[in-house]
Amino acid sequence: MPVEPVDRLAASRPNHAGVDTPVWRRSLLAPTRGATGSPPRSLPTRLASSGARQGGTMKIVITGATGNVGTSVLEALDDEPAVTEVVGLARRQSRLPTDKARMVSADISRDDLVPHFRGADAVIHLAWMIQPLRDEKLLDAVNVQGSRRVFEAALAAGVPSIVYASSVGVYGPGPKDRAVDETWATTGVPSSLYSRQKVLVERQLDDIERDNPQVRIVRMRTGLVFKRGAASEMRRYFVGRLVPTWLFRKRLIPIVPDIPQLRFQAVHGLDAGRAYCQAVVSDVRGAFNVAAEPIIDADALARMFDARKVPMRARTLRRLVKASYRLRLQPSSPGLLDMALQLPIMDIRRAHEELGWTPRRSATEAIMEVFEGIKEKAGMRTAPLEPARQVT
């Protein structure tokens, strides 16, 4: 797969002049806002300017409501008294144990979304395809063009707030020995399709913020999101079906690779869901890094699995991943590994200070939930998360 240079990502966006000009280009208003938006506050001002109705009641629409993060956001909104109505959009219908959500079948890449968005106080855009990585055209249609359709529909429906599921993957390569805040360059990791597409969608949001300053936009840049209910999905997406379930036992993992660059962050899905909920019911704008402690490195992995660290070169591991991916032995491309090796460590202070958010579970707890969940074939009763599905 050819790699698009980072400095050409913005130039690769379509020309929106003339009759094809999207909704957000039709409002010629204030200049571009910065990545972190409004100035810091000690705690969120709930319902102040989020478009909430009189009486403190809110209607929220979620795209991708049946996935890993979506089901967590639904649970968080169920517990939020300011939210009284939730519409969950997904391509395939699912029955979820939620008190507030009405589930609707809709495909963001082709269906008319405006009717579903009318009257909403906020749209939380979570819908995203990670696999199949080999079908770049399909992923572009859903992730990049589908996101564009979501944003255009939200503006056409007059939705005052958009909360978008960005990712640590939007950042350019950065330090592993110190944390960076939300102003770090969002140029992505060029070898990762996932990262390049996250960058392109954030460029769309840059356009919206420049031309529609009345719309409140929040970008949630999470680390890797884990929970038990997503275990089967994660096995399909990143491990594949050739690895037998019985191998997922701690005693069968005697060693872990000791690669200095292999340091990354994670967060439990339910904690991520709470962060989205707090972003929706406050007046914050801009980007928020979301992750839990500790940073996951060789030392953390060794403690988690009672394993021994074995020094390894990043180049060696990448060659193994590349070869096994080309042979279709597993579904994770080398670009996903490149993100883990190159992405910076995120500073999460802004989420603490302005959202009032603190994770309730550690990163190691989240990872071990998935590890144990894979062994036990755990999942949830939604199309993306059910245990029986397989990636082809």
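Keep in mind the model is a prediction, meaning the values are calculated, not measured.

(A) Inspection of the overall build of the protein at higher detail. The helix and strand inventory of the protein stands at 11 helices and 14 strands. Expressed as a percentage of contacts within the protein between residues at least 6 apart in sequence, the contacts between residues at least 24 apart total 80%. Summed over its atoms, the accessible surface of the protein is roughly 17300 Å², and 53% of this surface lies on carbon and sulfur atoms.

(B) How the structure looks around the packing of aromatic side chains. This structure, assessed with the given rule, holds five aromatic pairs. Between F151 and Y164, the aromatic rings sit 6.0 Å apart at their centres with planes inclined by 85°, giving edge-to-face as the arrangement. Placement of F151 in helix 3 (residues 136-156) and of Y164 in strand 5 (residues 161-165) is noted, with a sequence separation of 13 residues between them. Each member of the pair, F151 together with Y164, is buried. Measuring from centroid to centroid gives 5.0 Å for F305 and F371, while their planes differ by 70°, and the two rings are edge-to-face. Pair noted here: F305 is in helix 7 (residues 298-305) and F371 is in helix 11 (residues 363-375), with a separation of 66 residues, a long-range link.

(C) View of helix 9 (residues 334-342). In terms of burial, helix 9 is largely enclosed, as eight of its nine residues are buried. The complete set of buried residues in helix 9 reads P334, G335, L336, L337, D338, M339, A340 and L341. Considering only its buried residues, helix 9 is in contact with helix 4 (193-211), helix 5 (231-239) and helix 8 (314-326).

(D) Layout of the sheet that holds strand 7 (residues 216-222). The parallel open sheet is built from seven strands, whose spatial order is 3-2-1-4-5-7-11. This sheet does not close on itself; its edge strands, each paired only once, are strand 3 (101-105) and strand 11 (286-290). In this sheet, neighbouring strand axes are inclined to one another by 20° on average, regardless of whether the strands run parallel or antiparallel. In terms of strand pairing, strand 1 (residues 58-63) meets strand 2 (residues 83-90) through six bridges, oriented parallel. For T63, the partnering residue across the bridge sits in strand 2 and is L89. Taken strand by strand, helix 4 contacts strand 5 and strand 7, and its axis lies near 160° from that of strand 7. Its contacts with the sheet put helix 6 (residues 269-280) on strand 1, strand 4 (122-125), strand 5, strand 7 and strand 11, and the angle it makes with strand 7 is roughly 165°.

(E) Region of interest: the pairing of strand 2. In terms of burial, strand 2 is largely enclosed, as six of its eight residues are buried. A crossover connection joins strand 1 to the parallel strand 2 through helix 1 (residues 68-78); in handedness this β-α-β unit is right-handed. Relative to strand 3, strand 2 is paired through five bridges, and the arrangement is parallel. Residue pairing in the sheet places V86 in a bridge with A101 of strand 3.

(F) Structural context of the packing of helix 3 against helix 4. Where helix 3 contacts helix 4, the axes come no closer than 11 Å and their chain directions differ by 20°. With respect to their mutual orientation, helix 3 and helix 4 come out roughly parallel. Considering how the two elements wind past one another, helix 3 and helix 4 form a crossing that is right-handed. Across the interface between the two elements, E136, L139, D140, N143, V144, S147, R148, F151 and L155 of helix 3 pack against L193, R196, Q197, L200, V201, Q204, L205 and I208 of helix 4. The residue inventory of the contact of helix 3 with helix 4, partitioned by class, reads nine nonpolar, four polar and four charged.

(G) Structural context of the pairing of strand 11. With five of five residues buried, strand 11 is to be regarded as a mostly interior element. As judged from the five bridges shared by strand 7 and strand 11, these two strands associate in the parallel manner. Opposite R221, over in strand 11, you have N289 as the bridge partner.

(H) Fine view of helix 4. The end-to-end C-alpha distance of helix 4 is 28 Å, a good match for the 27 Å that 19 residues give at a rise of 1.5 Å each. Counting buried residues along helix 4, 17 of its 19 residues qualify, which places the element largely inside the surrounding structure.

(I) Region of interest: the pattern of salt bridges. For the coordinates displayed, the defined rule picks out 19 salt bridges. In this structure, R350 engages E354 in a salt bridge whose closest nitrogen and oxygen atoms are separated by 2.9 Å. Of this pair, R350 and E354 both sit in helix 10 (residues 349-355), four residues apart, roughly one helical turn. Assigned by exposure class, R350 and E354 land together as buried. A cluster of three or more residues bridged by salt bridges with shared partners is formed by E202, R203, D206, E209, R219 and R221.

What counts as what
- Residues numbered from 1 in each chain as written.
- Predicted model: local features only at pLDDT ≥ 70, side-chain atom pairs only at ≥ 80, totals over all residues.
- Heavy atoms only, no water.
- Helix = DSSP H or I, 4+ residues; strand = E, 2+ residues; numbered from the N terminus.
- Contact = heavy atoms within 4.5 Å.
- Areas by Shrake-Rupley, 256 points an atom, 1.4 Å probe, with all protein chains shown as cover.
- Phe/Tyr/Trp six-rings, centres within 6.5 Å; stacked < 30°, edge-to-face > 60°.
- Buried < 20%, exposed > 50% of the residue type's maximum accessible area, 1.4 Å probe, protein only.
- Pairing = 2+ DSSP bridges.
- Axes fitted to C-alpha atoms, helices over the stretch in contact; angles between N-to-C directions.
- Right-handed = clockwise from strand over helix to strand, strands pointing away.
- Parallel < 35°, antiparallel > 145°, perpendicular 65-115°, else oblique.
- Left-handed = near helix turned anticlockwise from the far one by under 90°.
- Nonpolar A, V, L, I, M, F, W, Y, C, P; charged D, E, K, R; others polar.
- Expected span 1.5 Å × (residues − 1).
- Salt bridge = Lys/Arg side-chain N within 4 Å of Asp/Glu carboxyl O.

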